[in-house]
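# Topology and contacts: notes
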Amino acid sequence: MNAVNQVFGGKVRVRVCGICIENNSILLIKHDNLGELGELWSPPGGGVNFNESIEDALKREFYEETGLEITVNKFLCVNEFHSGNLHAIELFFEVKRQNGCLKTGIDPELNADQQIIKEVKFVTFEDLMVIPDKKRHNILQGSVNEEYVLNMKGHFKLWQ
């Protein structure tokens, strides 16, 4: 978590995240050294750069982390995350795969020896329910399915 705090800590970060569902499975990234239990499964996404549109940021982040090119569809919800030195406002969108081969990508803001992305894969909603809540992004905690995820609305928050 130290590298994450050094790079992203001490400021409010605007992030964009994509919900990509195919064949009753949701695309998730397994991060090491994040979350209360040291592992966190979350939808792909990342920070919006100055002078970059939200849609362009989401397409860039998705490609960096998953190797997939996407189209950005409807806005779903906003999540506010605050834990220690980290504070992020996350905008979630439904996205669709257009091109590319799924791969485990990188977070370019982190050095090679600091990478926290360990796995990228489509997870069935049944398998998602087996992952402990504390190892899932807070918008995916509790009992979730495709209908629930694609109809999320409003403001979620996790303050620790």
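Refer to the structure above for everything that follows.
Residues numbered from 1 in each chain as written. Predicted model: local features only at pLDDT ≥ 70, side-chain atom pairs only at ≥ 80, totals over all residues. Heavy atoms only, no water.

### Quick look at the overall build of the protein
A count of helices and strands for the protein gives four helices and eight strands. Overall, the protein shows an N-to-C arrangement of helices and strands of α-β-β-β-β-α-β-β-β-α-α-β. A compact globule built from 160 residues should have a C-alpha radius of gyration of about 15 Å, and the protein, at 14 Å, falls within 12% of that. In terms of overall dimensions, the protein has C-alpha extents of about 40 × 30 × 30 Å along its principal axes. When the 160 residues of the protein are sorted by exposure, 48% land in the buried category. In the protein, which carries 17 positive and 23 negative side-chain charges, the distance between the mean positions of the two groups comes to 2 Å. (Helix = DSSP H or I, 4+ residues; strand = E, 2+ residues; numbered from the N terminus. Rg over C-alpha atoms; globule rule 2.2 N^0.38 Å. Buried < 20%, exposed > 50% of the residue type's maximum accessible area, 1.4 Å probe, protein only. Lys, Arg positive; Asp, Glu negative; His and termini not counted. Charge placed at Lys NZ, Arg CZ, Asp CG, Glu CD.)

### Some details on the packing of aromatic side chains
Overall, the coordinates contain one aromatic pair when judged by the stated rule. Relative to Phe 93, the ring of Phe 75 has its centre 5.3 Å away and its plane inclined at 65°; by these criteria the two rings are edge-to-face. In this pair, Phe 75 is assigned in strand S5 (residues 68–83) and Phe 93 in strand S6 (residues 86–100), connecting sequence segments 18 residues apart. (Phe/Tyr/Trp six-rings, centres within 6.5 Å; stacked < 30°, edge-to-face > 60°.)

### Let's talk about the pattern of salt bridges
Any two side chains of opposite charge can pair, so long as their charged atoms come close to each other. In total, this model carries ten salt bridges according to the counting rule given. Residue Arg 97 is joined to Glu 22 by a salt bridge in which the shortest nitrogen-to-oxygen separation is 2.9 Å. Here Arg 97 is found in strand S6, whereas its partner Glu 22 is found in strand S1 (residues 12–22), with 75 residues between them in sequence. Owing to a relative accessible area of 24%, Glu 22 belongs among the partly exposed residues under this scheme. Arg 60 is paired through a salt bridge with Glu 64; the nearest N and O atoms lie 3.4 Å apart. With Arg 60 and Glu 64 both in helix H2 (residues 54–66) and four residues apart, the pair spans about one turn of that helix. (Salt bridge = Lys/Arg side-chain N within 4 Å of Asp/Glu carboxyl O.)

### Some remarks on the pairing of S6
Bridging between S1 and S6 involves nine bridges; their strand directions are parallel. Bridge pairing in S6 places Cys 17 opposite Phe 92. For S5 and S6, the ladder comprises 13 bridges, and the chain directions are antiparallel. Note on S6: the bridge partner recorded for Phe 81 is Ala 88. With antiparallel pairing between neighbouring strands as the criterion, S5 and S6 make up a hairpin whose turn holds two residues, including Gly 84 at a positive phi of roughly 60°. (Pairing = 2+ DSSP bridges.)

### Describing the state of the cysteines
Following the criterion strictly, the structure yields zero disulfides and no others. This cysteine, Cys 17, is not joined by any disulfide, and Cys 77 carries the nearest cysteine sulfur, 9.0 Å off. We classify Cys 77 as buried; its relative accessible area is 0%. (Disulfide = S-S within 2.5 Å.)

### Structural notes on H2
The end-to-end C-alpha distance of H2 is 18 Å, a good match for the 18 Å that 13 residues give at a rise of 1.5 Å each. Along H2, the residues classified as buried are Ala 57, Leu 58, Glu 61, Phe 62, Glu 65 and Thr 66. Looking down the long axis of H2, one finds its buried residues gathered within 125° of arc, a one-sided arrangement. Following H2 by one or two positions, Gly 67 has its phi on the positive side, about 80°. (Expected span 1.5 Å × (residues − 1). Arc of directions from axis to C-beta.)

### Concerning unusual backbone geometry
With a phi angle near 50°, Asn 23 is a residue other than glycine that sits in the positive phi range. By the element assignment, Asn 23 lies in the loop between S1 and strand S2 (25–32). Its relative accessible area of 75% is what places Asn 23 among the exposed residues. One non-glycine residue, Asn 24, lies in positive phi territory at about 60°. Within the secondary structure, Asn 24 is located in the loop between S1 and S2.

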